[in-house]
Amino acid sequence: MKARRCARIPPTARSSIILEPANPPVRAAKLLVADDEPAILDAVSRYLRHIGHEVRTATTALQALTAARTFMPELILLDVMLPDLDGFEVLRRIRAEELEVAVVFLTARGSRKDVVAGLAAGGDDYIAKPFGLDEVTARVDAVLRRTRGRQPDDHVLRVDDLALDTRSYTVRRGDVPIELSPTEYRLLRYLMLRAGRVLTRAQLLEHVWSYDFGGDDTVVATYISYLRRKIDTLGPPLIHTRRGVGYCLQSAAS
């Protein structure tokens, strides 16, 4: 039997939601909560409905995948330890089908190894149990602001004064054109498409170099350093290292 830790849910949460959010949530979203623990599923979903979101629930991986395809939520709160498939496999299938949905893991498995695995699978955030409902709300709002800020149909990707044109394959920072090699361009594009998210070395190897291996991954650090020399020397640093996890490209104001 799998070991679990319960979320920090007020006793009254099972019958009513009494916590008020510190700040108004972002514009109401369609959310899916997938967890096989009834108390957590009920409390989290009721609270998210209470603050204005439209919420569906699932207790198995199969239900979650079906809801992701039919309900088409903007964001899924996904338990890692579901009874039929683990949450990492659920996310891999969602990404393989190219469903446009953000995923935040809710799990008792909060080790660094598990966090890295969740991010490598394409997760947008990772909340370890025990957690508070106010923390869940804050994380959901942060991810929604970030994902809604992107315009996937716009051929120009922008982070601050850095712009990458996916049609002309050109890059500029402010008024300065930046010459990139094909690999540097692919790496920068991937980082900008997922701006604000920490990306692991394994994830970058898979999506930029189109292979996944367990050997020497210093090639990622090497090309990150190339990008920094060409981009971060022209203004406030945008490319950041998250020690022990990976890299993140984000606004200098973040």
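Note that this is a predicted model, so its numbers are computed, not measured. (Residues numbered from 1 in each chain as written. Predicted model: local features only at pLDDT ≥ 70, side-chain atom pairs only at ≥ 80, totals over all residues. Heavy atoms only, no water.)

### Considering the sheet that holds strand S10 (residues 199-200)
Okay, so step 1: Taken in spatial order, the three strands of this open sheet run S10-S12-S11, and their pairing is antiparallel. Strand pairing shows two members of the sheet lacking a second neighbour, S10 and strand S11 (239-242), which therefore form its edges.
Okay, so step 2: In this sheet, strand S12 (residues 246-249) lies alongside S10 in antiparallel orientation, the contact comprising two bridges. Looking at the pairing, Leu 199 lines up with Tyr 247 of S12. (Pairing = 2+ DSSP bridges. Helix = DSSP H or I, 4+ residues; strand = E, 2+ residues; numbered from the N terminus.)

### Considerations on the UniProt feature "modified residue: 4-aspartylphosphate" (unreviewed entry) in the protein
Okay, so step 1: Residues annotated by UniProt as "modified residue: 4-aspartylphosphate" (unreviewed entry) correspond here to Asp 79.
Okay, so step 2: With respect to the secondary-structure elements, Asp 79 resides in strand S3 (residues 75-79).
Okay, so step 3: Given the relative accessible area of 0%, Asp 79 is considered buried. (UniProt positions renumbered as here; feature names shortened; annotations may be inferred. Buried < 20%, exposed > 50% of the residue type's maximum accessible area, 1.4 Å probe, protein only.)

### Considering the sheet that holds strand S6 (residues 156-159)
Okay, so step 1: Spatial strand order, S6-S7-S8-S9: four strands in an open sheet with antiparallel pairing. A single partner strand is all that each edge strand has here, and the edge strands are S6 and strand S9 (176-178). The mean angle between the axes of side-by-side strands here comes to 20°, regardless of whether they run parallel or antiparallel.
Okay, so step 2: Both strand S7 (residues 162-165) and strand S8 (residues 170-173) contribute to a ladder of four bridges, which runs antiparallel. In the sheet register, Leu 162 faces S8, and the bridge partner there is Arg 173.
Okay, so step 3: On top of the sheet, helix H6 (residues 182-193) reaches S6, S7 and S8; it is set at about 115° to S7, its chief contact. (Axes fitted to C-alpha atoms, helices over the stretch in contact; angles between N-to-C directions. Contact = heavy atoms within 4.5 Å.)

### A short note on the packing of aromatic side chains
In this description, an aromatic ring pair is defined by two values, namely the gap between the centres and the angle between the planes.
Okay, so step 1: Within the structure shown, the criterion is met by four aromatic pairs.
Okay, so step 2: Relative to Tyr 185, the ring of Tyr 169 has its centre 5.4 Å away and its plane inclined at 55°; by these criteria the two rings are tilted. Here Tyr 169, found in the loop between S7 and S8, pairs with Tyr 185, found in helix H6; they are 16 residues apart in sequence, far enough to count as distant.
Okay, so step 3: Classification of Tyr 169 by relative accessible area gives exposed; the value is 59%.
Okay, so step 4: On the basis of an interplanar angle of 75° and a centroid distance of 5.1 Å, the ring pair of Tyr 223 and Tyr 226 is categorised as edge-to-face. Of this pair, Tyr 223 and Tyr 226 both sit in helix H8 (residues 218-231), three residues apart, roughly one helical turn.
Okay, so step 5: Through successive ring pairs, a cluster of aromatic residues spans Phe 88, Phe 105 and Tyr 126.
Okay, so step 6: It is Lys 30 that lies over the ring of Phe 71; its NZ or CZ is 4.7 Å from the centre. (Phe/Tyr/Trp six-rings, centres within 6.5 Å; stacked < 30°, edge-to-face > 60°. Lys NZ or Arg CZ within 6 Å of the ring centre and 35° of its normal.)

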